[in-house]
Amino acid sequence: MEPYLKELSEKYGVHICGEGGEYETFTLDCPLFKKRIVVDESEVVIHSADAFAPVGYLNLSRLHLEDKVTDNISFLVPSSICPCLSSLGTNPDFEEMEDFCGCISPKVDWRVKDDGHHITRPSLCTKKTIHGYQWISGVTASCTHMEKEVIIQEIKQAFSILQEALESTEFEFKDIVLVNLYVRRMNDFELINSVYQTYFDVNPPARVCVEAPLFDGILFQADCLVHKHEMMNNDNVRHEKQVMHVQSISHWAPANIGPYSQAVKVEDVIYCAGQIALVPCTMKLVAGGIRAEAVLSLNHVEKVLNAMSEHTSLNHIMLAICYVTNKKDIPTVQKLWCRKLKEHATQVTEYDEPSVTHGPLVVAVVPHLPRDASVEWHVVAMNDDPTQRKFISMAGKLQGCKIDCEAVGSSSMSSVALSVSLSLTSQLVASVALDSMLHELSSVMLTAVKELSQDDNLTLLCCRTFYIKDCISGHSLLTGLEEFLKELLGPKSPALILVPVTDLPDLQILHVACWLSL
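Residues numbered from 1 in each chain as written. Predicted model: local features only at pLDDT ≥ 70, side-chain atom pairs only at ≥ 80, totals over all residues. Heavy atoms only, no water.

## Examining the packing of aromatic side chains
Just so we agree on the cut-off: Each Phe, Tyr or Trp ring, with Trp reduced to its six-membered ring, pairs with another whose centre is within 6.5 Å; inter-plane angles below 30 degrees give stacked pairs, above 60 give edge-to-face pairs, and intermediate values give tilted ones. Going along the chain from the N terminus, every DSSP run of H or I of four or more residues is numbered as a helix, and every run of E of two or more is numbered as a strand. For every residue, the accessible area (1.4 Å probe, protein chains only) is compared with the maximum for its type, and the residue is labelled buried under 20%, exposed over 50%, or partly exposed between those bounds.
Within the structure shown, the criterion is met by ten aromatic pairs. Seen from their ring centres, Phe173 and Tyr199 are 4.9 Å apart, and the 40° between their planes marks the pair as tilted. Of the two residues, Phe173 is situated in the loop between α4 (148-168) and β5 (176-183) and Tyr199 in the loop between α5 (189-196) and β6 (206-211); the sequence distance between them amounts to 26 residues. A relative accessible area of 10% means that Phe173 is categorised as buried. For Tyr199, a relative accessible area of 21% translates into the label partly exposed. Seen from their ring centres, Phe173 and Phe200 are 5.6 Å apart, and the 85° between their planes marks the pair as edge-to-face.

Structure, rendered in structure tokens:
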């Protein structure tokens, strides 16, 4: 259709999107229809016979319904010719990758006393940045009863706490840009979603939802980024929020399968929802295993970015988090990520030109994903010049473990993404001093930020800390990190979000993904 719409636009000045009612459509069939509509009789009625701009309409005077050939939606668009699957072309290097043998997650004695209590604390609102951002964390629903009515009440209570946190900082639900939702059981998601959707209007925030091995009694935990538009003296909106909320079935990218938007753009930053490998025209998970899922879901990410802002691609990603459900799939997504970035980088740079600086990738293994997917991508992108970004990497070493840190600043230095991981030096390591490790990790992280930018207005908003639940005490980790971050940052401490996972790449036992903004 696109070439014909462009031709109409060039010939007659018709808006390609049909803005202003320049043309209307009537759908006769689509994958959602159980039967197709057949037009038996119609007539064109001219109700304004203006010689320059006549106006008319099509009167459909008689129609009837017909059964489709099959109820199998996928038959309507054969996979062999479906444009949704065009990105699944074979790549020798990718296809011939050897299976990953993996390794057993280490068991470490952290030499720290753990009282065994659940991690419970009031919701935390960070300080508002000069551009109007805040991060709210610590929103949890606790429930030990399995009765539906009790669970719903606990979910409503959690959202009431979030509402109070929003109102205390003069925000509303409509100001939420991004929600990260971690559920203990994906089976409870339908109930959670039924309450969740009542708090948002036609333009809900982007959302990431995964199952995580939360503590017993915790139904879900959530955190969110909020932002409020600023009105200038001339009534113009500063840092306006743009929302992409597409619900129609197409060959483009998956329609929303819940109360969320595909992406939300605030100024130059694009916050994307999590993407799994649904075939857009059928809304079913693609067949072919992890490789097909990884390729298609990452292709969805790219399409959303490009639709949200022209010429925006994977090159513009500042931070990527990839969730998988099996550790042996980690090399697959890592190799795909590197290959796709290399392909895109070569498209925008030539000989002797600056290279593209990409944001860090964090990979975490979780028990389940929506629709039983094997992989889900979540990215934050910046509509900047990726060849003019700033980059710094640092490393630290303690007895039995090592710290790797990398930070990427946007070309305008209005946003920074930071990744810092803690890995054991060997599977034989049996004991590590938790306090020393956390102090060094916090110091390396903040040193990297200071070396990258001297702007005191750049605020550390969020530290999303993925840790192997069976390896590290969540309570001790929370207590230690909060203590050191408050010691180093004082009232500017970020939202500390602990996400227990089943595994991380290689010998990693902890990986922190941070976001900083003006």
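## What to know about the confidence of the model for the chain
Applicable threshold: Note: pLDDT gives the predictor's confidence per residue, expressed from 0 to 100. Here, residues are in contact when the closest pair of their heavy atoms is within 4.5 Å.
Put simply, the chain has an average pLDDT of 84, and 86% of its residues get 70 or more. For residues 71-79, every residue scores under 50 in pLDDT, and the model assigns this stretch 13 contacts once sequence neighbours within four places are set aside. Of the regions scoring below 50 in pLDDT, residues 113-122 engages in 20 contacts with residues more than four places distant in sequence or in other chains.

## Side note on the packing of α4 against α5
The following threshold applies: All axes are obtained by fitting lines to C-alpha atoms, using only the stretch in contact for helices, and the reported angles, taken between N-to-C directions, cover 0 to 180 degrees. For classification purposes, angles smaller than 35 degrees are called roughly parallel, those larger than 145 roughly antiparallel, those between 65 and 115 roughly perpendicular, and all remaining angles oblique. When the near helix sits turned anticlockwise from the far one by under a right angle, the crossing is termed left-handed; a clockwise turn instead gives a right-handed crossing. Residues are grouped as follows: nonpolar covers Ala, Val, Leu, Ile, Met, Phe, Trp, Tyr, Cys and Pro; charged covers Asp, Glu, Lys and Arg; every other residue, Gly included, is treated as polar.
Put simply, α4 and α5 touch, their axes get as near as 10 Å, and they point 45° apart. Classified by the angle between their axes, α4 and α5 sit oblique to one another. Crossing handedness for the pair α4 and α5: right-handed. Facing Lys148, Ile151, Ile152, Ile155, Lys156 and Phe159 of α4, the residues of α5 in contact are Leu191, Ile192, Val195 and Tyr196. Partitioning the contact of α4 with α5 into residue classes produces eight nonpolar, no polar and two charged.

## As for the sheet that holds strand β22 (residues 495-501)
Across a sheet, paired strands are connected by hydrogen bonds in the backbone, their directions being either parallel or antiparallel. Put simply, the rule is: Between any two strands, at least two bridges found by DSSP are needed for them to pair.
With mixed pairing, the six strands of this open sheet are ordered in space as β18-β19-β20-β23-β21-β22. Among the strands making up the open sheet, the edge pair consists of β18 (390-398) and β22. Geometrically, the sheet is characterised by an average inter-axis angle of 15° between neighbouring strands, direction not taken into account. Bridging between strand β20 (residues 415-424) and strand β23 (residues 508-517) involves nine bridges; their strand directions are antiparallel. Within the sheet, the bridge partner assigned to Leu422 lies in β23 and is Leu510. Of the strands in this sheet, β18, β19 (401-409), β20, β21 (459-468) and β23 touch helix α8 (residues 434-452), which is tilted by about 160° from β18.

## Quick look at the pairing of β18
For β18 and β19, the ladder comprises nine bridges, and the chain directions are antiparallel. Among the inter-strand pairings, Ala395 is bridged to a residue of β19, identified as Asp404. Between the end of β18 and the start of β19, which pair antiparallel, lie two residues, with Gly400 showing a positive phi angle near 90°.

## Observations concerning the nonpolar core
This is how it is decided: As used in this record, nonpolar core signifies buried Ala, Val, Leu, Ile, Met, Phe, Trp, Tyr and Cys residues forming a set joined through side-chain atoms within 4.5 Å.
Counting residues in hydrophobic clusters, the biggest one holds 89 residues, and the most contacted among them are Tyr271, Tyr323, Leu418, Leu441, Phe466 and Trp515. Among the elements that take part in this core, α8 stands out by supplying ten residues, more than any other. Apart from residues lying up to four places away in sequence, Trp515 is in contact with Trp135, Val269, Tyr271, Met318, Val380, Ser415, Val416, Ala417, Thr459, Leu460, Leu461 and Cys462. Residues Ile152, Val183, Ile192 and Phe200 belong to the second largest nonpolar core, which totals 31 residues.

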